[in-house]
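Each chain is listed here by its residues.
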Amino acid sequence: MVRDEEGNLRYVVLDDTALGTFADRTLIDPRRSVILPDGIDPVRIAAAMNPAMSSWIALRRRVDFHAGQRVLVLGATGNAGRMAVQIAKLFGAAHVIAAGRDTTRLKALAALGADETITFDQIGRAADVDVVIDYLWGDPAAGALIPMLTLRADRTAPLAWIQIGSIAGQTAPIPSAALRSARVQIVGSGIGSVPARDILAELPELASAVAAGSIDVRARAVPLAEVARAWTAETDDRIVFVP
Ligand SMILES: NC(=O)c1ccc[n+]([C@@H]2O[C@H](COP(=O)([O-])OP(=O)(O)OC[C@H]3O[C@@H](n4cnc5c(N)ncnc54)[C@H](OP(=O)(O)O)[C@@H]3O)[C@@H](O)[C@H]2O)c1
């Protein structure tokens, strides 16, 4: 985020670059930014936009998602995953299944709208979803594919698997039989797979949803002077460094 010379707060989408915006002065391409509404809390926005954008853009721009569909969030206990649960509900998902490995964190997702919470050994219960939002990849994704696809009530019903994060492994050993056993499409979502103009077009509405409190954000402002201590702190909060 930057404050421009007219005093507007702008959220900026940077292309792949080593340059960030955490500086007293910086240079941005205004065409790759959106002006945020007056009075918006920059700490909440900084904490929420990247993790929230991952599922918002994926559902809006990478697949043909519509209200009434069923969604599985793989890796639902992380920051992006818990927002994906909420965003899927916000977009009208009829049933959202949150999958993860930490049962305490999973339980808390019911209050955020998860209709069902499951651990990976129960993945077959998600066989009939229409969309998977996958933050994990690696073994959890590879292990989920065969049971999910073969247990589908209608294997010809489309399943859109959106690959977003790879925190459990950069590669996943996917059996070729999985790809033939049901009507599954695996697509990725992130900067590069969606044009910058499409991402920018979604940001004002997302920022408004964050500002309105429609998405629960665990934001904590920490002065930059405390960066060394905060960097290694164990916390589920999204830490936002402030000058
Ligand atoms: N493409 C995009 O636009 C985009 C945007 C934002 C984030 N991402 C990516 O999405 C991923 C998640 O981001 P985040 O912000 O949610 O991270 P996070 O808050 O650190 O959460 C990590 C999540 O992954 C789970 N996890 C970690 N290692 C695992 C393993 N070996 N097996 C199973 N589960 C594992 C954690 O489970 P526990 O709760 O059990 O620890 C937690 O649910 C990251 O890879 C990130 O880079 C992509």
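Every chain begins its residue count from 1, and numbering advances along the sequence as written. Confidence filtering applies because this is a predicted model: local features only for residues at pLDDT of at least 70, side-chain atom pairs given and counted only at 80 or more, and all residues used for totals across whole chains, interfaces and linings. Derived side-chain values reflect all non-hydrogen atoms in the structure, with water molecules and hydrogen atoms excluded from consideration.

**With respect to the site of the ligand**
What counts, and what does not: It suffices for a single heavy atom of a residue to lie within 4 Å of a molecule or strand for the residue to be listed as near it. The term polar contact refers here to a pair of N or O atoms within 3.5 Å; inside protein, the definition further demands a hydrogen-donor-capable atom paired with an acceptor-capable atom, and it admits residues adjacent in sequence only when both atoms are side-chain atoms. Here the open area of atoms and residues is found with the Shrake-Rupley method and a 1.4 Å probe, where only the protein chains shown may cover a residue. A run of DSSP states H or I qualifies as a helix once it reaches four residues; a run of E qualifies as a strand once it reaches two. Both are numbered from the N-terminal end. For this scheme, ten residues count as nonpolar: Ala, Val, Leu, Ile, Met, Phe, Trp, Tyr, Cys and Pro. Four count as charged, namely Asp, Glu, Lys and Arg, and the remainder, Gly too, count as polar.
Taken together, 21 residues are adjacent to the ligand, and Thr 77, Asn 79, Ala 80, Arg 101 and Arg 105 come closest. Between Ala 80 and the ligand, the recorded distance is 2.8 Å, taken from a backbone N or O atom to an oxygen atom. Arg 101 places a side-chain nitrogen or oxygen 2.8 Å from an oxygen atom of the ligand. Within the complex, 70% of the 930 Å² of free accessible area of the ligand lies under protein. The set of elements that each furnish at least two residues to the shell around the ligand consists of helix 1 (42-62) and helix 2 (79-90). Residue contributions to the shell around the ligand peak at 3 residues, all from helix 2. Of the residues that constitute the shell around the ligand, the class distribution is 7 nonpolar, 11 polar and 3 charged.

**Examining the UniProt feature "domain: Alcohol dehydrogenase-like C-terminal" (unreviewed entry) in the protein chain**
Heads up, the rule is: UniProt positions are given in the numbering used here, feature names are shortened, and annotations may be inferred rather than shown by experiment.
Taken from the UniProt record, the annotation "domain: Alcohol dehydrogenase-like C-terminal" (unreviewed entry) applies to residues 81-136. Secondary structure across residues 81-136 comprises 29% helix and 21% strand; the distance between its end C-alpha atoms is 10 Å.

**Some thoughts on the packing of helix 1 against helix 6 (residues 196-211)**
Formally: Note on geometry: axes are lines fitted to C-alpha atoms, helical ones only across the stretch in contact, with angles between N-to-C directions running from 0 to 180 degrees. Small angles under 35 degrees read as roughly parallel and large ones over 145 as roughly antiparallel, with 65 to 115 read as roughly perpendicular and the rest as oblique. Left-handed describes a crossing whose near helix is turned anticlockwise from the far helix by less than a right angle; the clockwise case is right-handed. For this analysis, residues touch if any pair of their heavy atoms sits within 4.5 Å.
Between helix 1 and helix 6, the least distance of the axes is 9 Å, while the angle of their chain directions is 125°. Here helix 1 is positioned oblique relative to helix 6, judged by the angle of their axes. Where helix 1 crosses over helix 6, the handedness of that crossing is right-handed. Facing Arg 44, Ile 45, Ala 48, Met 49, Ala 52, Met 53, Trp 56, Ile 57, Arg 60 and Arg 61 of helix 1, the residues of helix 6 in contact are Asp 198, Ile 199, Ala 201, Glu 202, Leu 203, Glu 205, Leu 206, Ala 207, Ala 209 and Val 210. Residue composition of the contact of helix 1 with helix 6, grouped by class: 14 nonpolar, no polar and 6 charged.

**Quick look at the packing of aromatic side chains**
Counted only if it meets this: Each Phe, Tyr or Trp ring (for Trp, its six-membered ring) is paired with any other whose centre lies within 6.5 Å, and the angle between the two planes then decides the class: stacked below 30 degrees, edge-to-face above 60, tilted in between. Exposed residues in this analysis have more than 50% of their type's maximum accessible area, buried residues have under 20%, and partly exposed residues fall in between, with area computed by a 1.4 Å probe over protein chains only. Two thresholds decide whether a charge sits over a ring: the Lys NZ or Arg CZ must be within 6 Å of the ring centre and within 35 degrees of the ring normal.
Applying the stated criterion across every chain, the model contains 2 aromatic pairs. Seen from their ring centres, Trp 56 and Phe 91 are 4.8 Å apart, and the 70° between their planes marks the pair as edge-to-face. Remark: Phe 91 occurs in the loop between helix 2 and strand 5 (95-99) and Trp 56 occurs in helix 1; sequence separation between them is 35 residues. Ring geometry for Trp 231 versus Phe 241: centroids 6.2 Å apart, planes at 15°, classification stacked. Of this pair, Trp 231 sits in helix 7 (residues 227-231) while Phe 241 is found in strand 11 (residues 238-242), placing the two residues 10 residues apart along the sequence. We classify Trp 231 as exposed; its relative accessible area is 67%. Arg 60 extends its terminal NZ or CZ atom over the ring of Phe 91, reaching a point 4.4 Å from the ring centre.

**Topic: the side chain of Ser 54**
Checked against the element boundaries, Ser 54 lands in helix 1. Given the relative accessible area of 16%, Ser 54 is considered buried. Here the side chain of Ser 54 touches Pro 51 through a polar contact of 2.7 Å, landing on its backbone oxygen. Leave out the neighbours within four places in its chain, and Ser 54 touches Ala 80, Tyr 135, Ile 164 and Ser 189.

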